[in-house]
Amino acid sequence: MNCSPGSKSFAYPVLVADIGGTNARFALVDGSETPTRMCGKTATADHPDISSAIRSAVFPEAEEKPKTAIIAVAGPVTGDAIPLTNAAWVIEPLKMIADLGLEEVIVLNDFEAQALALPGYSGADIEQVGTGSIRANSAKFVLGPGTGLGAAAMIFAAGSWVPVPGEGGHVELGPVSEEDVQIWPHIERVGGRIGAEQLLSGTGLPRLARAVGVWMNAERSFDTPATITQAAEDNDPVAVKTLNIFARSLGRVAGDCALTVLARGGVYLTGGITPRISRFLTDGDFRSAFEAKSPHEALMGKIPTFIVRHPDPALEGLASFAREPNAFAVDMQGRQWKAAGSASLRG
């Protein structure tokens, strides 16, 4: 594992990229003291590969072509060809080096990138929900309901921040309240189980809404998260109840994550769904469910929770790593590629 603090530097400019199933977002970091320069986004479907997208979106904005690329992708980083789950691209770092004249390419998990942003948040970047205060140099956790339910921890150890990606979004999610007990039998099971991501995600929200509709004898034809959030804005009772349960369940899962790593540095909510359901997260039910962890209610009351308001958290996390790599102990094994002639072709 190549993750020793004090041992890493990057050749600037550094290109940082957040590659999703639908869009690719890019930014440039010109030096260790410079702000992030956003280069916009492009649809992955508009380009045959990432090199084409970079030439189109980044090169016109760059006075000097980037020497290093640090990329976040949804899913595990294995091998020299990394397929995207929901897009046709295959990320091939060695091909990128050849195509774009790069010296080095690093590929990280998307929620690892989200975790890298956590220590740097301040001011308008985050909105606190409920009580609690951040304890310095304590573990943090990020949870993101979007297309799926992403999760990662950020642990402070031996003077460095250590991002720890995982699959915490797939923990079990069972009924707790009497209302839950009545609704859960109507929820469609996937693989014989009800996991958190099967409800607390873009694909899960319509599944939860169908179950709520059956329970209320008021079935709806909600087929996307947007139809549900819009209906809730119009005070549709099924949509409102669905988002109440969603927020309460998200609070329970967030509380479980906080207990798992004792996240006295806070739990942070990101993802595409979070900003669209803010009023359901701030009305008290989310926080009450978060704290309801007997016998540790007093401890949970001290752990703060936040909605992340930064518009590009993954990019900002990668940019923080680009500016100050030695502040983070990032595992580079098998995720770092260098141009021919370097000491090691692949980390």
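A. A look at the side chain of E112. Note on placement: E112 falls in helix α3 (residues 110-117). Only 2.6 Å separates the side chain of E112 from the side chain of R335, close enough to count as a polar contact. Setting aside residues no more than four positions away along its own chain, E112 makes contact with A152, P163, P165, V330 and R335.

B. Fine view of the pairing of strand β10 (residues 149-157). Relative to β10, strand β9 (residues 140-145) runs antiparallel, the two being bridged by 6 bridges. Bridging across to β10, P145 finds its partner in L149. Hairpin geometry of β9 and β10 is characterised by an intervening segment of 3 residues between the two adjacent antiparallel strands. Here 7 bridges tie β10 to strand β11 (residues 160-166), and the two strands are oriented antiparallel to one another. In the strand pairing of β11, F156 is matched with W161. What sits between β10 and β11 in their antiparallel hairpin is a turn of 2 residues, with A158 showing a positive phi close to 50 degrees.

C. The arrangement of the sheet that holds strand β14 (residues 336-338) in detail. Read across the sheet, 6 strands follow the order β3-β2-β1-β4-β7-β14 without closing on themselves; strand pairing throughout is mixed. The sheet is open, and its two edges are formed by β3 (37-43) and β14, each paired on a single side. Recorded for the sheet is a direction-independent mean angle of 15 degrees between the axes of neighbouring strands. Two elements, strand β2 (residues 23-29) and β3, share 5 bridges in a ladder whose sense is antiparallel. If you follow A24 over to β3, its bridge partner there is T42.

About the criteria used
Residues numbered from 1 in each chain as written. Predicted model: local features only at pLDDT ≥ 70, side-chain atom pairs only at ≥ 80, totals over all residues. Heavy atoms only, no water. Helix = DSSP H or I, 4+ residues; strand = E, 2+ residues; numbered from the N terminus. Polar contact = N/O pair within 3.5 Å; in protein donor to acceptor, adjacent residues only side chain to side chain. Contact = heavy atoms within 4.5 Å. Pairing = 2+ DSSP bridges. Axes fitted to C-alpha atoms, helices over the stretch in contact; angles between N-to-C directions.

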